[in-house]
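So you can see what is in the structure, the chains are spelled out below.
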Amino acid sequence: MPKRILTGTVVSDKTDKTVTVLVERKVKHPLYGKIIRRSKKYHAHDEANSYRTGERVRIEETKPISKTKSWVVLDRLQASKGTAIEANLDVDNAR
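Going by an unreviewed UniProt entry, the protein carries the name Small ribosomal subunit protein uS17 and comes from Novosphingobium kalidii. Reading the Function (unreviewed entry) entry of the UniProt record for the protein gives the comment "One of the primary rRNA binding proteins, it binds specifically to the 5'-end of 16S ribosomal RNA." Its UniProt record gives the protein a comment under Subunit (unreviewed entry), which states: "Part of the 30S ribosomal subunit."

Right under this line is the structure:
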């Protein structure tokens, strides 16, 4: 049986060697026919702690690594937009 591969966005990288990936899918409502979004979070193994919040990644199903972790990150599809930084500007001297 082939392993499932999903695409999602990293929403958390706070745990050691683990990232939380949000995977969204679109389904048709059974009665009304409207397309709605369903999402689920997966814990994926990241050995090098190299993936950051906001990045698009592919994850692959594997044997259970821990109680909640049975996915591993394959590769990065799109880098994050970047993180906000504080600018220390002296506005009074700019005139």
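Student: How should I be thinking about the overall build of the protein in this particular structure?
Tutor: Counting secondary structure elements, the protein contains 0 helices and 5 strands. Along the chain direction, N to C, the helices and strands of the protein fall in the order β-β-β-β-β. Per-residue burial over the protein gives 19% buried out of 95 residues. Entry remark: accessible area of the protein is about 7,800 Å², with carbon and sulfur atoms responsible for 50%.

Student: Got a minute to help me understand the pattern of salt bridges in this structure?
Tutor: For side chains of opposite charge, pairing can occur when their charged atoms come near one another. Under the criterion given, the structure shown has 6 salt bridges. With a shortest N-O distance of 3.3 Å, Glu 61 and Arg 4 are connected by a salt bridge. Of this pair, Glu 61 sits in strand β4 (residues 56-61) while Arg 4 sits in the segment before β1 (5-12); the two residues are 57 residues apart in sequence, bridging distant segments of the chain. Here Arg 37 ties to Glu 24 by a salt bridge, and the two come within 3.7 Å at their closest N and O atoms. Residue Arg 37 is located in strand β3 (residues 35-45), and its partner Glu 24 is located in strand β2 (residues 18-28); the two are separated by 13 residues in the primary sequence.

Student: How do you make sense of the nonpolar core when you look at a structure like this?
Tutor: Soluble, globular proteins show a tendency: their nonpolar side chains are buried together. Residues Val 10, Val 19, Val 21, Val 23, Tyr 42, Ala 44, Tyr 51, Val 57, Ile 59, Trp 71 and Val 73 constitute the largest nonpolar core, which totals 11 residues. Apart from residues no more than four positions distant in its own chain, Trp 71 is found in contact with Arg 4, Leu 6, Tyr 42, His 43, Ala 44, His 45, Ile 59, Glu 60, Glu 61, Thr 62 and Ile 65.

Student: Please clarify how unusual backbone geometry should be interpreted in this entry.
Tutor: Excluding glycine, most residues fall at negative phi; most peptide bonds, likewise, are trans. Residues other than glycine seldom take positive phi values, yet Lys 17 does so here, at roughly 60 degrees. Mapping Lys 17 onto the fold places it in the loop between β1 and β2. If you check the backbone angles, Asn 49 has positive phi at about 50 degrees while not being a glycine. Counting through the fold element by element, Asn 49 comes out in the loop between β3 and β4.

Student: What is the right way to read the pairing of β3 from this model?
Tutor: Consecutive side chains along a regular strand alternate between the two faces of the sheet. Sheet topology note: the β2/β3 ladder contains 11 bridges and is antiparallel. When the sheet's bridge partners are listed, Thr 20 is paired in β3 with His 43. By the bridge criterion, 3 bridges tie β3 to strand β5 (residues 69-78) in an arrangement that is parallel. Among the inter-strand pairings, Ala 44 is bridged to a residue of β5, identified as Trp 71.

Student: Any chance you could explain the confidence of the model for the protein here in plain terms?
Tutor: When pLDDT is low, close inspection of the predicted coordinates is not appropriate. Put simply, the protein has an average pLDDT of 91, and 85% of its residues get 70 or more. The lowest-confidence element of the protein is β5, averaging 95 in pLDDT; the highest-confidence one is β3, averaging 98.

Criteria and thresholds
Residues numbered from 1 in each chain as written. Predicted model: local features only at pLDDT ≥ 70, side-chain atom pairs only at ≥ 80, totals over all residues. Heavy atoms only, no water. UniProt positions renumbered as here; feature names shortened; annotations may be inferred. Helix = DSSP H or I, 4+ residues; strand = E, 2+ residues; numbered from the N terminus. Buried < 20%, exposed > 50% of the residue type's maximum accessible area, 1.4 Å probe, protein only. Areas by Shrake-Rupley, 256 points an atom, 1.4 Å probe, with all protein chains shown as cover. Salt bridge = Lys/Arg side-chain N within 4 Å of Asp/Glu carboxyl O. Core = buried A, V, L, I, M, F, W, Y, C linked by side-chain atoms within 4.5 Å. Contact = heavy atoms within 4.5 Å. Pairing = 2+ DSSP bridges. pLDDT = per-residue confidence, 0-100.

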